[in-house]
Amino acid sequence: MGDVLAGFHAAWEFDSDSVLIRYERGIRTPKLFQALGERRVPLEAIAGVTLTPGRRGTVVLRVEPRPGADPVMEAAAGQLKEGGDPYRLVLPAEREALAEYYADELRGLLTGSGRTERHLVAAPEAPLQFKAYDGKASFDGTSVSFRWSWTGASSAKWKAGDQSFPVADLGGVEWRSPEAFEGYLRLLPRDAAPVAPQADQDPASVVFGLGYGPVHESLPFAAAVLAAVRERGAGAPVPVPVPAPRRDPADIAERIRHLGELHQAGLVTDEEFSSKKAELLAQL
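Remember, it's a predicted structure, so these values are computed and weren't measured experimentally.

Colleague: Break down the sheet that holds strand S2 (residues 10-14) for me, citing the residues and quoting the values.
Modeller: Taken in spatial order, the four strands of this open sheet run S1-S2-S3-S4, and their pairing is antiparallel. Edge positions in the sheet fall to strand S1 (3-6) and strand S4 (38-42), since each has one partner strand and no second. When strand polarity is set aside, the average angle formed by the axes of neighbouring strands in this sheet is 20°. Examined bridge by bridge, strand S3 (residues 18-23) and S4 share five bridges and lie antiparallel to one another. Residue pairing for S4: arginine 22 is matched across the bridge by glutamate 38.

Okay, here's the thing in C-alpha cells:
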C-alpha cells in the first residue's frame, strides 16, 4: 500500500508485507511509545484488525498481535493500560471512513493465526538499564546484572551480593507492572525452581516502587532479555507461587516505610495500606 495514516501520538505506514509504526516524541506522548521509537510489524505477526469508537470524538484502529510474536507484549502479559497499548492508533472521528479503508485492506492481507514459534517483531536493543527500588538493573545483550542499593535492598540480597546472570542460564522473565502494588522484574532460571521467594528476598529479582522501575524503562528491558533468551531456544518456565517466608524485622520495617510512601503519594488507599501493613506485621 505504501500509505501513511497519522493519528494521535503515532503514524502508521502500510507496506505490502508490514506496518511501520512511528511514535511521536511530544510531551503528551506516553513515555513507553517514546522509548519504543519505531517498530516494524510484519503482517504475519498480526492476528486481526479492529476499528472501534474511542473517547471524546475519536476512533481507535488496533492491530492484534499474535501470541508470542512481540516480546514487549509477551513480557507485558496483558498488564498495559489501554492508553499505553502500542498497537492502538487513535484518530479523530472524522477520519473513520479512511481508517475503515485501511482496516479492510489489512484484513485482506492477513494469513497468520495462533501462537508464533518465534518473535516476529524486533525487541528493544541492548544495552539497557533502569533503577529499581532496591538496586540497578543492566543488560548488555549477553548477561543481566543487578547491583544492590544500600538504601533499598533487603538483608537477603545484601548477603547474596551483586548478581550477574548469563542469558544462557535463563529460561524466561517475569514482569509485574510498577503500576500495580509490589511490582517487580524476576529472572527465571532455565530449570524452574520448586519455590519462588518473594521478590524483595530473591536475588534474581528487583522490586519497583514509587518512581522506580517505570513501565517505559523496565518493560523494554524485560522484553529485550526475553528475546535474548528465546533466541537461545530456552522456554520460559512458569513460576510457582508459595507462601511468604518469615522475614527479618528490619526488612519488614523497610517495607512498611515504603508502603507509607505509596500511601502518602495517593497510590495506595487507606484500606489497602491498613490491610498490607497488617499482612507484613503478621510475618514477624
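After that view of the structure, there is still more to cover.
Colleague: How would you sum up the sheet that holds strand S14 (residues 205-207)? Please name residues and give values.
Modeller: Read from one edge to the other, the open sheet built from three strands follows the order S12-S13-S14, with strand pairing classed as antiparallel. Of all strands in the sheet, those with a lone pairing partner are strand S12 (170-176) and S14, marking the two edges. Strand-to-strand twist of the sheet, defined as the mean angle between neighbouring strand axes without regard to direction, takes the value 10°. With three bridges joining them, strand S13 (residues 184-189) and S14 adopt antiparallel strand pairing. Counted as the bridge partner of tyrosine 184 is valine 207 from S14. Its contacts with the sheet place helix H5 (residues 215-231) against S12 and S13, and it is angled at close to 160° to S12.

Colleague: Tell me about helix H3 (residues 96-109), and please be specific about residues and values.
Modeller: For H3, built from 14 residues, the straight-helix expectation of 20 Å at 1.5 Å per residue is met to within 8% by its first-to-last C-alpha distance of 20 Å. Within H3, burial applies to Ala99, Tyr102, Ala103 and Leu106. When H3 is viewed along its axis, its buried side chains cluster within an angular range of 105° and face the same direction. What points out from H3, more than 90 degrees from its buried face, is the exposed set Ala97 and Gly108.

Colleague: Can you lay out the packing of aromatic side chains for me, pointing to particular residues and giving the numbers?
Modeller: Under the criterion given, the structure shown has ten aromatic pairs. Centre to centre, the rings of phenylalanine 139 and phenylalanine 221 are 6.3 Å apart; their planes meet at 65°, and the pair counts as edge-to-face. Pair noted here: phenylalanine 139 is in strand S9 (residues 135-139) and phenylalanine 221 is in helix H5, with a separation of 82 residues, a long-range link. For phenylalanine 221, a relative accessible area of 0% corresponds to the buried category. A network of ring pairs unites the aromatic residues Trp12, Phe14, Tyr101 and Tyr102 as a single cluster. For the cation-ring pair, arginine 186 lies above tyrosine 184, with the distance from its terminal atom to the ring centre recorded as 5.1 Å.

Colleague: Please provide a residue-by-residue account of the environment of glycine 54, values included.
Modeller: If you trace the backbone, glycine 54 turns up in the loop between strand S5 (46-53) and strand S6 (58-65). Classification of glycine 54 as partly exposed rests on a relative accessible area of 29%. Through-space distance from the C-alpha of glycine 54 to that of leucine 91 is 8.4 Å; in sequence the pair is 37 residues apart.

Colleague: Give me the side chain of threonine 116: which residues, what numbers.
Modeller: Tracing the chain through its elements places threonine 116 in the loop between H3 and strand S8 (128-131). At 3.3 Å, the side chain of threonine 116 forms a polar contact with the backbone nitrogen of alanine 69. Among residues more than four places away in sequence, those in contact with threonine 116 are Arg66, Pro67, Gly68 and Ala69.

Colleague: Could you give an account of the pattern of salt bridges, naming the residues involved and the relevant values?
Modeller: This model, assessed by the stated rule, comprises 16 salt bridges. Note that aspartate 15 and arginine 40 form a salt bridge whose closest N and O atoms lie 3.0 Å from each other. One end of the pair, aspartate 15, is in the loop between S2 and S3; the other, arginine 40, is in strand S4, and 25 residues separate them in sequence. Judged by relative accessible area, which is 19%, aspartate 15 ranks as buried. Take arginine 40: its relative accessible area is 41%, and that puts it in the partly exposed class. Residues joined in a network through salt bridges with shared partners are Glu13, Arg22 and Glu38.

Colleague: Which residues make up unusual backbone geometry, and what values go with them?
Modeller: Residue alanine 126 is joined to proline 127 through a cis peptide bond whose omega torsion reads 5°. Looking at where proline 127 falls in the secondary structure, it is placed in the loop between H3 and S8. Positive phi, close to 50°, is recorded for arginine 56, a residue that is not glycine. With respect to the helices, strands and loops of the structure, arginine 56 is situated in the loop between S5 and S6. Residue classification places arginine 56 among the exposed positions, given a relative accessible area of 83%.

Conventions we followed
- Residues numbered from 1 in each chain as written.
- Predicted model: local features only at pLDDT ≥ 70, side-chain atom pairs only at ≥ 80, totals over all residues.
- Heavy atoms only, no water.
- Pairing = 2+ DSSP bridges.
- Helix = DSSP H or I, 4+ residues; strand = E, 2+ residues; numbered from the N terminus.
- Axes fitted to C-alpha atoms, helices over the stretch in contact; angles between N-to-C directions.
- Contact = heavy atoms within 4.5 Å.
- Expected span 1.5 Å × (residues − 1).
- Buried < 20%, exposed > 50% of the residue type's maximum accessible area, 1.4 Å probe, protein only.
- Arc of directions from axis to C-beta.
- Phe/Tyr/Trp six-rings, centres within 6.5 Å; stacked < 30°, edge-to-face > 60°.
- Lys NZ or Arg CZ within 6 Å of the ring centre and 35° of its normal.
- Polar contact = N/O pair within 3.5 Å; in protein donor to acceptor, adjacent residues only side chain to side chain.
- Salt bridge = Lys/Arg side-chain N within 4 Å of Asp/Glu carboxyl O.

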